[in-house]
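Spelled out from the first residue to the last, the chains are:
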Amino acid sequence: MSKKFSIFLSVLFCAFIGGMSVISLFLPDQDFSPLENRYLQKPPKLSVENLGNGTFMEDAEDYVSDHILGRDFWVAAKAWSERLSGKRENEGVYFAAKDTLINRVKDPDPDKLDQDMGYLDALVGNVSAPVYFGLIPSAAELWRDRLPAGAPTADEKAVIDRLYFSTGASTIDMYSALSPHSGEDIYYRTDHHWTSLGAFYGANAIFQALGMEPLRLEDYQKTTVTHQFNGTSFSTSGVRWLPPDQIDTYVPDKGIQVTSYFKGTPEAGSLYVDRWLAEKDKYSYFLGGRQPLCVVEKEGSDGPKVLVIRDSYSDSLAPFLTERFSQVHLFDPRDNLTSIKGYVEQHDIDIVLVLYSFANFTTDKNLFVLAR
């Protein structure tokens, strides 16, 4: 390579970087990235304190990265380069078999687990209603055969068994309910949630633990509401070459009354919210997405009332729960610090169900609410 050509390439590279920087500087800022399904970094705040502790430079770097011209293209290009280089993971998401993206699940902190199980047992002692505890294994556990060879991920079953053995709550064996169906579409390929089919099997595990009659899949007609769902694993990984998922429903919403508390006050809700099917976050089609509290009632039902201390997996589970419960109270500790003991007494709750996905339970910082 001649000296002149080397200089030319250097000048061209600098011009490209400089041009990208200048254009990006004058582009209007975006608050939210629909493709990545997350809020973007805001402009850094300049202060003596932020300069001293390094926060300003960290925020500035994130801001430039989030607002660079053509960011969606560069995110996808990075994922492609990782794949072409032989890597089978990007941003904590495995490129798995059968066009599947599977989130890596880290080994949980045993001290945190012990503390959180203490909160759970405090709940058992605080309320008069029986308390049931269920952990939903992730796709990384039940779809291990799809993972790249040697891909590290937590031994979820071993941890779940240990936690079940240690608690005073009654337990729900979600693993045994889902494992026989691991060859079916019980999780989304581009998202970390279980599908409506997975939620069906999970609901029957709950009913079995409670001594209730299980549901029969043949009694329902599957309805596909979209074929264009690209979930959180799609957003995080940068992968853009996989076909999207479909979202199905089984339980009709007739005779169902939903009261949502998105802003802390009651408002009319719905079991299925169609407007979300036009958005990137299509999983929010179930109940309308994250909210501190949601109460689902079935007209004419004489079943018991259940309080579900939950994460987002229960959004697609709720329709099946309406088949056996007269009221389903969905309580999200991430946004709701209400006393659970007081709530159970106030609403005459018959059964308390603490139901989490394994990954969320082992990382949630709000489980102290269980003991309130």
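Worth saying up front: this structure is predicted, and the values here are computed from it rather than measured.

A. Representation of the packing of aromatic side chains. Taken as a whole and judged by the stated rule, the model has 18 aromatic pairs. With a centroid separation of 5.8 Å and an interplanar angle of 65°, the aromatic rings of Tyr 356 and Phe 361 are classed as edge-to-face. For the pair shown, Tyr 356 and Phe 361 are each scored as buried. Taken together, the aromatic side chains of Tyr 188, Phe 229, Tyr 272, Tyr 283, Tyr 285 and Phe 286 make up a single cluster linked through ring pairs. Note that Arg 146 overlies the ring of Trp 143, its terminal NZ or CZ placed 3.7 Å from the centroid. The lysine or arginine in question, Lys 157, covers the ring of Tyr 175, its NZ or CZ lying 5.3 Å from the ring centre.

B. Local environment of the sheet that holds strand E5 (residues 100-103). Read from one edge to the other, the open sheet built from three strands follows the order E3-E4-E5, with strand pairing classed as antiparallel. The outermost strands of the open sheet, each flanked by one partner alone, are strand E3 (89-90) and E5. With four bridges connecting them, strand E4 (residues 93-96) and E5 associate as antiparallel partners. Residue Ala 96 lies in a different strand from E5, and its bridge partner there is Thr 100.

C. Spatial organisation of the pairing of strand E12 (residues 293-298). In terms of strand pairing, strand E10 (residues 256-260) meets E12 through five bridges, oriented antiparallel. By the bridge assignment, Val 258 is partnered in E12 with Val 296. Of the pairings in the sheet, the one linking E12 to strand E14 (residues 327-331) comprises five bridges and is antiparallel in character. Counterpart to Val 295 in the pairing with E14 is His 329.

D. How the structure looks around the pattern of salt bridges. Evaluated as defined, the whole model comprises 12 salt bridges. Residue Arg 162 is joined to Asp 114 by a salt bridge in which the shortest nitrogen-to-oxygen separation is 3.8 Å. With Arg 162 in helix H7 (residues 156-166) and Asp 114 in helix H5 (residues 110-126), this residue pair connects regions lying 48 residues apart in the sequence. What makes Arg 162 partly exposed here is its relative accessible area of 40%. The class of Asp 114 is partly exposed, set by a relative accessible area of 47%. Note that Glu 218 is salt-bridged to Arg 216, the shortest N-O span being 3.6 Å.

E. Fine view of the environment of Asp 348. Its location among the elements puts Asp 348 in the loop between helix H12 (340-346) and strand E15 (351-357). For Asp 348, a relative accessible area of 52% gives the class exposed. For the pair Asp 348 and Lys 305, spaced 43 residues apart in the sequence, the C-alpha separation amounts to 7.6 Å.

F. Local environment of the pairing of strand E6 (residues 131-136). Among the six residues of E6, six are classified as buried, and the element is accordingly described as predominantly covered. By the alternation rule, side chains of E6 split into Val 131, Phe 133 and Leu 135 and Tyr 132, Gly 134 and Ile 136, which are all buried. Relative to E15, E6 runs parallel, the two being bridged by six bridges. Considered in E15, the bridge of Gly 134 is made with Leu 355. In this structure, E6 lies alongside strand E7 (residues 170-172), joined through three bridges in parallel fashion. Directly across from Tyr 132, in E7, lies its bridge partner Ser 170.

G. Region of interest: the confidence of the model for the chain. Scored by pLDDT, the chain has a mean of 86; 77% of the residues are at 70 or more. Considering only residues more than four positions removed or in separate chains, one finds that residues 16-26, a stretch of pLDDT under 50, has eight contacts.

H. Up close: the side chain of Thr 249. Among the structural elements, Thr 249 can be located in strand E9 (residues 245-249). If near-sequence neighbours (up to four positions away) are discounted, Thr 249 is found in contact with Ser 196, Gln 221, Lys 222, Thr 223, Val 225, Tyr 272, Tyr 285 and Phe 286.

Definitions and cut-offs
- Residues numbered from 1 in each chain as written.
- Predicted model: local features only at pLDDT ≥ 70, side-chain atom pairs only at ≥ 80, totals over all residues.
- Heavy atoms only, no water.
- Phe/Tyr/Trp six-rings, centres within 6.5 Å; stacked < 30°, edge-to-face > 60°.
- Buried < 20%, exposed > 50% of the residue type's maximum accessible area, 1.4 Å probe, protein only.
- Lys NZ or Arg CZ within 6 Å of the ring centre and 35° of its normal.
- Pairing = 2+ DSSP bridges.
- Helix = DSSP H or I, 4+ residues; strand = E, 2+ residues; numbered from the N terminus.
- Salt bridge = Lys/Arg side-chain N within 4 Å of Asp/Glu carboxyl O.
- pLDDT = per-residue confidence, 0-100.
- Contact = heavy atoms within 4.5 Å.

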